[in-house]
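# A look at the structure
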Amino acid sequence: MMETIAFALFAFVTLASALGVVLFRDPWHSALMLGVTLLSVAVYYVMLAAEFVAMMQILVYVGGVLILITFAVMLTQRDEQASEEVAQP
């Protein structure tokens, strides 16, 4: 019974955060929601007694891919206030 409740809770978290990845306009918030989604998928692996796969999910996807996305967002975002000052004569 507890496994079913935990699965339903994390299913809701996974679906809500995956929907947040698609619907958020800010890439930083989308990346954070992607991290929540990937962590909740790792919880499914723990529930299936696949701890090694869960740890690889966290290390590779959350640790690697999410950090890469974070760096890409930080490097490509421009400062809106500075660009407005340059554009005005």
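Residues numbered from 1 in each chain as written. Predicted model: local features only at pLDDT ≥ 70, side-chain atom pairs only at ≥ 80, totals over all residues. Heavy atoms only, no water.

## Details of the overall build of the protein
Within the protein, the secondary structure is distributed over four helices and zero strands. Mapped in sequence order, the helices and strands of the protein form the string α-α-α-α. If you take every contact in the protein between residues at least 6 apart in sequence, the share linking residues at least 24 apart comes to 47%. Here the protein displays about 6700 Å² of accessible surface, and carbon together with sulfur accounts for 75% of that area. (Helix = DSSP H or I, 4+ residues; strand = E, 2+ residues; numbered from the N terminus. Contact = heavy atoms within 4.5 Å. Areas by Shrake-Rupley, 256 points an atom, 1.4 Å probe, with all protein chains shown as cover.)

## Quick look at the side chain of Gln 57
On the secondary structure map, Gln 57 appears in helix H3 (residues 51-76). Side-chain polar atoms of Gln 57 contact the backbone oxygen of Leu 38, separated by 3.4 Å. (Polar contact = N/O pair within 3.5 Å; in protein donor to acceptor, adjacent residues only side chain to side chain.)

## Brief notes about the confidence of the model for the protein
Taken over all residues, the pLDDT of the protein has a mean of 88, while the share at 70 or more is 88%. Least confident of the elements in the protein is helix H4 (residues 80-87), whose mean pLDDT is 64; most confident is helix H1 (residues 2-23), at 95. (pLDDT = per-residue confidence, 0-100.)

## Let's talk about the packing of helix H2 (residues 27-47) against H3
What describes two packed helices is the angle between their axes and the distance between those same axes. Interaxial distance between H2 and H3 falls to 8 Å at its minimum, and their mutual angle equals 175°. Regarding the angle of H2 to H3, the classification is roughly antiparallel. Together, Pro 27, Trp 28, Ala 31, Leu 34, Gly 35, Leu 38, Leu 39, Val 41, Ala 42, Tyr 45 and Val 46 of H2 and Glu 51, Val 53, Ala 54, Gln 57, Ile 58, Tyr 61, Val 62, Leu 66, Ile 69, Thr 70 and Val 73 of H3 make up the contact between the two elements. Residue classes in the contact of H2 with H3 are distributed as 18 nonpolar, three polar and one charged. (Axes fitted to C-alpha atoms, helices over the stretch in contact; angles between N-to-C directions. Parallel < 35°, antiparallel > 145°, perpendicular 65-115°, else oblique. Nonpolar A, V, L, I, M, F, W, Y, C, P; charged D, E, K, R; others polar.)

## Some thoughts on unusual backbone geometry
For Ala 49, which is not glycine, the phi torsion reads 65° and is therefore positive. Residue placement: Ala 49 occurs in the loop between H2 and H3. Assessed through its relative accessible area of 55%, Ala 49 is described here as exposed. (Buried < 20%, exposed > 50% of the residue type's maximum accessible area, 1.4 Å probe, protein only.)

## With respect to the packing of aromatic side chains
The final tally for this structure, using the stated rule, is one aromatic pair. An angle of 45° between the planes, with centres 5.5 Å apart, marks the rings of Phe 7 and Tyr 44 as tilted. Of this pair, Phe 7 sits in helix H1 while Tyr 44 sits in helix H2, and the two are 37 residues apart along the sequence. Here Tyr 44 falls in the buried class, since its relative accessible area comes to 18%. (Phe/Tyr/Trp six-rings, centres within 6.5 Å; stacked < 30°, edge-to-face > 60°.)

## Focus: the side chain of Ser 40
As for its placement among the helices and strands, Ser 40 is situated in helix H2. Judged by relative accessible area, which is 2%, Ser 40 ranks as buried. One polar contact links Ser 40 to Thr 14, side chain to side chain, over a distance of 2.7 Å. Ignoring sequence-local partners within four residues, the contact set of Ser 40 consists of Phe 10, Val 13 and Thr 14.

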